[in-house]
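Survey of secondary and tertiary structure
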Number of protein chains: 2
Amino acid sequence: MTNFLSIKNFLVQLSILLLCLNVSAKDGYNLWLQYDYIQNNELRLAYKSNISNILALGDSETMQVALNELQLGLSKMLGTEILSQKDLKGENLVIFGTQSNLDKKLIKKLKKELEQINNEGFIIKQIIIKGKKHIIITGKTDVGVLYGVFNFLRIIQTHKSIKNIDVLDSPKVDIRMLNHWDNLDRTVERGYAGFSLWDWHRLPDYIDSRYVDYARANASVGINGTAITNVNANALILTPQYLEKVEALANVFRPYGLKVYLTARFSAPIEIGGLKTADPYDAEVINWWKEKTKEIYKRIPDFGGFLVKANSEGQPGPQNYGRNHVDGANMLAEAVAPFGGIVMWRAFVYSEHDADDRAKQAFSEFVPYDGQFKDNVIIQVKNGAIDFQPREPFHPMFGAMPKTPLMMEFQITQEYLGFSTHLVYLPKLFEEVFEADTYRAGKGSTVAKVIDGSLHNKKITGVAGVSNIGNDRNWTGHPFLQANWYGYGRLAWNPHLNSGDIAEEWIRSTFSNDTHFINPIKEMMLNSRETVVNYMTPLGLHHIMDTGHHYGPGPWVENLSRPEWNPVYYHKADKNGIGFDRTNSGSNATNQYAPEVADIFNNTATCPEKDLLWFHHLSWDYKLKDGNTLWDGIALKYQQGVNEVETMVHTWKSLEKYVDNQRFNEVEMLLNIQHKESKWWRDACLLYFQQFSEKELPEGVEKPIKTLEYFQSLKFPFAPGN
Amino acid sequence: MTNFLSIKNFLVQLSILLLCLNVSAKDGYNLWLQYDYIQNNELRLAYKSNISNILALGDSETMQVALNELQLGLSKMLGTEILSQKDLKGENLVIFGTQSNLDKKLIKKLKKELEQINNEGFIIKQIIIKGKKHIIITGKTDVGVLYGVFNFLRIIQTHKSIKNIDVLDSPKVDIRMLNHWDNLDRTVERGYAGFSLWDWHRLPDYIDSRYVDYARANASVGINGTAITNVNANALILTPQYLEKVEALANVFRPYGLKVYLTARFSAPIEIGGLKTADPYDAEVINWWKEKTKEIYKRIPDFGGFLVKANSEGQPGPQNYGRNHVDGANMLAEAVAPFGGIVMWRAFVYSEHDADDRAKQAFSEFVPYDGQFKDNVIIQVKNGAIDFQPREPFHPMFGAMPKTPLMMEFQITQEYLGFSTHLVYLPKLFEEVFEADTYRAGKGSTVAKVIDGSLHNKKITGVAGVSNIGNDRNWTGHPFLQANWYGYGRLAWNPHLNSGDIAEEWIRSTFSNDTHFINPIKEMMLNSRETVVNYMTPLGLHHIMDTGHHYGPGPWVENLSRPEWNPVYYHKADKNGIGFDRTNSGSNATNQYAPEVADIFNNTATCPEKDLLWFHHLSWDYKLKDGNTLWDGIALKYQQGVNEVETMVHTWKSLEKYVDNQRFNEVEMLLNIQHKESKWWRDACLLYFQQFSEKELPEGVEKPIKTLEYFQSLKFPFAPGN
């Protein structure tokens, strides 16, 4: 009777479970930390035969969260409660803790491995203690162990074997951070996933549980820093009223190894300090920043440092006082140096007073300062010389400042790539940048080696990604754009990773381990970046988005106050052809690259066609490698982009049975939007350029249904992120 | 062996279930539609013995969603899958459908009941068909049946018996709507729960699943209309670009009986119509609105109509052209009349050119127009004559326009009541307003009878509530403020309901049916409104909030451009005393009430002390009924407010075991904020008023730790909702 009742009770629970899962579990909130129950009996039993309980060594806050995560993940995946025990009873324990918590015998046994990892690295290894088999997860620091725990969970999430497990890894880059362009009113500049996560009004007393999940997600991919405020900065963040709130966030993030950074508005000494100047040579200004820094470190002992956008797009900076970037950066660097902080000084500068090609200005302004910055300054450089386009050649500054640490700035949020409604897998773009060869120390001098510091032995290394995260339930607005946060983190950890491998990890952790699903989805993701290039800016075209909000096509825009804000500045289409001549016959931007690279770009025969119109102005009749004229080639690329989105729609629809309802429907709706908008791009751009080429659309390209005037009339005054 | 495995499998599922519930189920998203599993075996079996399967009669969209809801709710609560069947097999079916889908015998049997309900009413009744017992849920319309289904579910959610069930109900008010002050950029004026639900950028192609859950929640309490845009309106909402998006929302809401209304910017004919004027006498203007209305109804055949804020706080209106409110409202009313639409014209007007007491201006401007509005116009009047204060005497317009329908406007969002961090149960406030006696048709002429139309036989009746809903995961920012949405809906359905009964329904549906939890929480909720009055504006004080954002105390503010925007205008504190003389010796606002009411308010002996300083300027030494001087009485009330919040904190902490972790922690943090802020209110106001009274704080009132200057220095430039 008891037995019968208990079975009945399970039936009841089971039905509730199914409802519960069905109703709310797959809204995307859990990101790649789904920890889905392993349905495959054989596999699940294999894991269980190697995992009994957990033994945590040490009880720091970080060890606590590592334990929670292991218990949650293993219990859900194995379908049984995995308990934590306090001693070495039994076998098949998952033991984790820092090196300092291991006994001497064990340290000796792991000596070789411990020598191979750095401070944030980890070891996961099957070991025998007193004749009994266990799995040890260890490292030199708490956070190293936490990364090991997440790595171990990922191995199981992706259904890899843990038999004789022996994994060792360390991050190749020191600073791996997110830049949030979040304003104090919770709007997010270039944010397309709702509004800022930071509920400033209710901080410090209300701690949204989402802050914890944000930190978990970052730690799971090795992100160790977050600049929580917009680079177009507000000085108020440095007042006690706000620092108290920042402190509360830092306290939440600390156990996860996530350091807080703030953006420093250069004029803060005036705006909130009551000084008359912000001149970096002024003794009062220097002192103000020192005192302010002390105040911050008193609240947040592990504060990371300042991120600064100065003398760029209207932001104040040292040049307002006749000083230069070195003066400004070094003044702040001195303030944070005693506390181990750093200054990330952005190189994204171009001036309305400089008539030179905008693509050249950052290099011209910064490279002469090589070697003049203090040791705790790192220059943050966007991946390309213009501004986060669907495709740009790598920034010429990479490799050109051997005595100065350079930090990569990627944009994860899709300002120029369809906002949060276009599925674009960005690690493919990041990988392309990292693999680019600067030739600065001979062939093989890749951007990855500049960034990981190996090319010129840099003292600090870093990668920043402009966050695509908002308060949308699924964090990124589009379930697939979670992969860009994930993949960014993985590449920041190791810029030499393969974007395809990362995609597969993500698909397995987020959706399914079924290869019938994985293979087509992985292919779709890997192709998606080229697809957006095709339907937006093929063959090296760039910055032809509509103005201000950058939503949709606007190649016709020519009325903005600064010439280099107008799309016509970038495509230079006329009766004779299209493209920006940056060779030695033009702006000579190619000259900023190493001679080997300049040669490749200068010559149409060697310049990759994907970058063709970035570097060359060519006639509409110019013959592409496939024999098509340039006009036909452009038109066919736009059409190809549209066709590829159509294929994505079909691929997704064919995989309905592998995906929960909610995410399936969401992605379906979003792909339909992407399809609609890819046609908008194709039609608007081709109709516009056709005015100059005066040629018919080639066969295979669909005729636009609407007119150019219609496209030009579209207005989006409330486009997000503006 | 099979048996063993299956038990094991249940164990596995059970543990996942527990994790699943523990991790994510109680984030508040499900509101009062938790449908918690009924743990009490006896009770659950009693329900199950009366409920087998479901039989839906009819297959309209509304019947579909009713079926889904019944299946979801019953299956979760009873812990077993409740199936839908197509015919009358078996017994104990829950049968639902409109009258027109019932067979003649059944209609005859229900004749008496059907005569008693109106078009949106419902009947839930145990019936015998062919000797077999069933439960029938029916009504005259689809939406009536849907309301019946939600009522049936509520009966089970609140653990009431369904034995011999026999329930019959109809709404007492026609239009029961939410007003969203949501802007097209997704900010929400006076919104404190994140940002707007409406993701305009991704509409119409992306349908957030939240839109459906919003409609479900509204239907569950009988709300049948939603004005989705701010009364401070943007004409763009009336352009095809936006109407396409509105149409998409209307399509989602329609099955739930939820009609869409829009706010009409009076100057729209100029701004988007290209006309030179918006004069309601101009033929082109009249025609423009007619054509615009036609265009809207073509997309949304059940469009509800327009909500208009005109010639109020800078909004354009008919007075810009020398016309009046009647001219403006009737012009729009004629445009929507052919389609069955209505115009809700707001009476919230006061002028910077009118030196008279702001409290009198709406009455003075509108009452003379009684009887001049078209039949499909309803005047929307705020509950009090100033602006949604913690307490106001009822608006003198109620009862004063016997020939004009008046609609109640409540504010559910807490602009003046602590934003979304203060637990205030507003149905207590709403009930106080509804119960107020206008004496306009003799004693017993309550505001409820004005609003339900029974006092003067009104042709249209309505209640509007300014929404407190945003994109925070739990909808309202604070788990307990969900009760204000719920309770508002229930009172809009029937203004004669008891706020305590509503609180109990809500607690049971949202948290627990355990009386150990219900009783103290219900008491806490019912007291909470008086508590906020005590620590903010006791004894009839009003509008002494800080300026602009209305966050925190600001009784000292006196520098705003319009006198009636300054707190000093309202409290008039000086050496001689405090309070606004609105008697016949002062502004004579009392004269706008019926003589019986005016007499009560005019005389300090009869004026309720809760309204004392609203109507009287009294000396600091004035003796209150309890023997205290006015100064001591004010101070003691502030202290009492603080003490009461302290009690709320203790009550909540003592009930931890009855609540899931997430909601418990959230409410605890929020109550701590409320406690902190109640002390801020007490200290800031008493220090300020003490300057005039020049008296010591009485015994029992805590001495402020900070100075008045400190409180006056506080600035909140990014307070939400501003």
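Residues numbered from 1 in each chain as written. Chains lettered and ligands numbered in written order. Predicted model: local features only at pLDDT ≥ 70, side-chain atom pairs only at ≥ 80, totals over all residues. Heavy atoms only, no water.

In the nomenclature of an unreviewed UniProt entry, chain A is known as Xylan alpha-1,2-glucuronidase of Lutibacter flavus. The UniProt entry for chain A carries the following text under Subunit (unreviewed entry): "Homodimer." Under Sequence similarities (unreviewed entry), UniProt gives the following word-for-word description of chain A: "Belongs to the glycosyl hydrolase 67 family." (UniProt positions renumbered as here; feature names shortened; annotations may be inferred.)

Our focus in this paragraph is the side chain of Arg44(B). All names here are of chain B. If you trace the backbone, Arg44 turns up in helix α2 (residues 41-50). Here Arg44 occupies a buried position and makes no salt bridge, while the nearest side chain of opposite charge, Glu42, is found at 11 Å. At a separation of 3.3 Å, a polar atom in the side chain of Arg44 contacts the side chain of Tyr37. There is a polar contact of 2.7 Å between the side chain of Arg44 and the backbone oxygen of Ile38. (Helix = DSSP H or I, 4+ residues; strand = E, 2+ residues; numbered from the N terminus. Buried < 20%, exposed > 50% of the residue type's maximum accessible area, 1.4 Å probe, protein only. Lys, Arg positive; Asp, Glu negative; His and termini not counted. Salt bridge = Lys/Arg side-chain N within 4 Å of Asp/Glu carboxyl O. Polar contact = N/O pair within 3.5 Å; in protein donor to acceptor, adjacent residues only side chain to side chain.)

Three or more residues of helix α13 (residues 427-435) of chain A are buried, namely Pro427(A), Leu429(A), Phe430(A), Glu431(A), Val433(A) and Phe434(A). Summarising the contacts, the buried residues of α13(A) are in contact with β13 (406-411), α14 (447-451), β14 (462-466), α15 (482-493), α16 (499-510) and α17 (515-536) of chain A. (Contact = heavy atoms within 4.5 Å.)

Residue and element names in this part refer to chain A. Feature annotation in UniProt assigns "active site" (unreviewed entry) to the following positions: Glu313, Asp387 and Glu415. For Glu313, a relative accessible area of 32% translates into the label partly exposed. With residues up to four places along the chain from it excluded, the contact list for Glu313 reads Phe348, Tyr350 and Arg562. With respect to the helices and strands, the residue Asp387 is situated in the loop between β12 (377-382) and β13. Judged by its relative accessible area of 6%, Asp387 falls in the buried class. Setting aside residues no more than four positions away along its own chain, Asp387 makes contact with Phe348, Arg358, Lys382, Glu392, Glu415 and Tyr416.

Residues and elements named next belong to chain B. Taken together, the six strands give an open sheet; going across it, the order is β2-β1-β3-β5-β4-β6, and neighbouring strands pair in mixed fashion. Strands at the two margins of the open sheet, each flanked by one partner only, are β2 (84-85) and β6 (166-169). In terms of strand pairing, strand β1 (residues 54-56) meets β2 through two bridges, oriented parallel. Along β2, the bridge assignment pairs Leu55 with Gln85. Contacts from helix α6 (residues 142-157) reach β3 (94-98), β4 (122-129), β5 (132-139) and β6, with the element oriented near 80° to β4. (Pairing = 2+ DSSP bridges. Axes fitted to C-alpha atoms, helices over the stretch in contact; angles between N-to-C directions.)

Residue and element names in this part refer to chain B. Between helix α7 (residues 209-221) and helix α15 (residues 482-493), the least distance of the axes is 8 Å, while the angle of their chain directions is 45°. Taken together, the axis directions place α7 and α15 in an arrangement best described as oblique. Within the contact between the two elements, α7 uses Tyr214, Ala217, Asn218 and Val221 and α15 uses Trp485, Tyr486, Gly489, Arg490 and Trp493. Tallied by class, residues from the contact of α7 with α15 come to six nonpolar, two polar and one charged. (Parallel < 35°, antiparallel > 145°, perpendicular 65-115°, else oblique. Nonpolar A, V, L, I, M, F, W, Y, C, P; charged D, E, K, R; others polar.)

Right, let's get into unusual backbone geometry. Cis peptide bonds are those with omega within 30 degrees of zero, and the linkage from Leu203(A) to Pro204(A) qualifies with 5°. By the secondary structure assignment, Pro204(A) is in the loop between β7 (175-179) and α7 (209-221). The residue Trp475(B) is not glycine, and still its phi comes out positive at about 75°. Note on placement: Trp475(B) falls in the loop between β14 (462-466) and α15. The phi angle at His543(B) is positive, at roughly 55°, despite the residue not being glycine. Positionally, His543(B) belongs in the loop between α17 (515-536) and α18 (567-571).

Attention shifts here to the sheet that holds strand β4 (residues 122-129) of chain A. Residues and elements named next belong to chain A. Read from one edge of the open sheet, six strands run β2-β1-β3-β5-β4-β6, paired in mixed fashion. A strand with exactly one partner marks an edge of an open sheet, and here the two such strands are β2 (84-85) and β6 (166-169). Pairing analysis gives seven bridges linking β4 to strand β5 (residues 132-139), with the strands arranged antiparallel. Bridging across to β5, Lys125 finds its partner in Ile136.

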